[in-house]
Amino acid sequence: MKRFFSFILASAMILSLLPSALTSMALESRTDAAEEIRLASDETEYLSGTYSNGISWHLNLDTYHLTVTGSGDIPDDEDDWSGKRVETAFIGEGITSLKEGMFQNYASLTYIQLPQSLKKIGNSALYGTNITGIQLPYGLTEIGSKAFYGCTKLTSITLPHTVTTIGDSAFYHTGISSMTFPDSVTSLGSSVLAHTKHLRSVKLPSGLEELPSSFFQGCEVLRTVILPDTVTSIG
């Protein structure tokens, strides 16, 4: 009889422990599954490399975000990310120029963040992109020829009072509706605002002596142009 009661007691104790054991196993199972999901979600594809002067770049192939970090001018090296889709770009502090044609015809590019250290936007650097806005840093001195050519989604832009040089066709066929050139500008190329279909008003810099050729060609809705008294020739 004692053996029988001992067996019953032992069985009851085992049964009482089963729920907590099963619960613990279930929790461990869920934790393992969560860990697998987290690891799977972290399996992001990247492409990265370094320019000849040590500036590095990093392209997220899932989000199409390009990051460029380092210091100095971006050299005219061949880009290993050339031809890859880029939708947004971050240019890190310390970078002083965007090289010629850097994002030329990257229609997928809609946003770029520029550093305060930037001094120059190279020729055709953002040619044909679909950026909708851009903040040019104070300290920028040069905007190259065709830098924003064909950026039809770009509807407004503010030029900092440090810009001195703007190349030929820099804002040709953009979506800009008004433009004020700061008095710091001493060199303007030809056709800078040509075929900017929505352009309505422009203020040119004081001290300008000659309006370059074809500057407003094809600007069909242009209504207001403020010229300084120093202008003696219109190209």
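Residues numbered from 1 in each chain as written. Predicted model: local features only at pLDDT ≥ 70, side-chain atom pairs only at ≥ 80, totals over all residues. Heavy atoms only, no water.

Enquirer: Tell me about the overall build of the protein, and name the residues and values.
Expert: Counting its secondary structure elements, the protein contains 1 helix and 16 strands. Across the 235 residues in the protein, those meeting the buried criterion constitute 37%. Counted over contacts in the protein with a minimum sequence separation of 6, partners at least 24 positions apart contribute 20%. Approximately 12900 Å² of the protein is accessible, and the part contributed by carbon and sulfur atoms is 53%. (Helix = DSSP H or I, 4+ residues; strand = E, 2+ residues; numbered from the N terminus. Buried < 20%, exposed > 50% of the residue type's maximum accessible area, 1.4 Å probe, protein only. Contact = heavy atoms within 4.5 Å. Areas by Shrake-Rupley, 256 points an atom, 1.4 Å probe, with all protein chains shown as cover.)

Enquirer: Talk me through the environment of Ser 190; I want residue IDs and the actual numbers.
Expert: With respect to the helices, strands and loops of the structure, Ser 190 is situated in the loop between β12 (187-188) and β13 (201-203). A C-alpha to C-alpha distance of 4.8 Å links Ser 190 and Asp 168, two positions 22 residues apart in sequence.

Enquirer: Could you give me a rundown of the packing of aromatic side chains, with the residues and numbers involved?
Expert: Under the criterion given, the structure shown has 8 aromatic pairs. Between Trp 81 and Phe 103 the ring centres are 5.6 Å apart and the planes differ by 35 degrees, which places this aromatic pair in the tilted class. Separated by 22 residues along the polypeptide, Trp 81 in the loop between β4 (72-73) and β5 (88-91) and Phe 103 in the loop between β6 (95-98) and β7 (111-113) bring together distant segments of the chain. Of the residues examined, Phe 103 reaches a relative accessible area of 0% and is grouped as buried. Here Phe 103 and Tyr 106 contribute two aromatic rings whose centre-to-centre distance is 6.2 Å and whose plane-to-plane angle is 85 degrees, an arrangement assigned as edge-to-face. According to the relative accessible area criterion, Tyr 106 is buried, its value standing at 11%. Aromatic ring contacts, followed pair by pair, group Trp 81, Phe 103 and Tyr 106 into a single cluster. (Phe/Tyr/Trp six-rings, centres within 6.5 Å; stacked < 30°, edge-to-face > 60°.)

Enquirer: Any chance you could break down the nonpolar core for me, citing the residues and the numbers?
Expert: If you look at the biggest cluster of nonpolar residues, it comprises 55 residues, and the most contacted ones within it are Phe 103, Phe 148, Phe 171 and Phe 181. At the level of elements, β2 (56-60), β3 (65-69), β5 and β6 are the ones that each hand at least two residues to this core. Other than its neighbours up to four places away in sequence, Phe 181 contacts Leu 159, Ile 166, Leu 188, Val 192, Leu 193, Val 202, Lys 203, Leu 204, Pro 205 and Phe 215. (Core = buried A, V, L, I, M, F, W, Y, C linked by side-chain atoms within 4.5 Å.)

Enquirer: An account of the environment of Met 102 is requested, with residue identities and associated values reported.
Expert: With respect to the helices, strands and loops of the structure, Met 102 is situated in the loop between β6 and β7. Measuring from C-alpha to C-alpha, the distance between Met 102 and Asp 76 comes to 8.7 Å, with 26 residues separating the pair along the chain. In this structure Met 102 touches Tyr 51, Val 68, Ile 74, Trp 81, Ser 124 and Ala 125, once residues within four positions along its chain are discounted.

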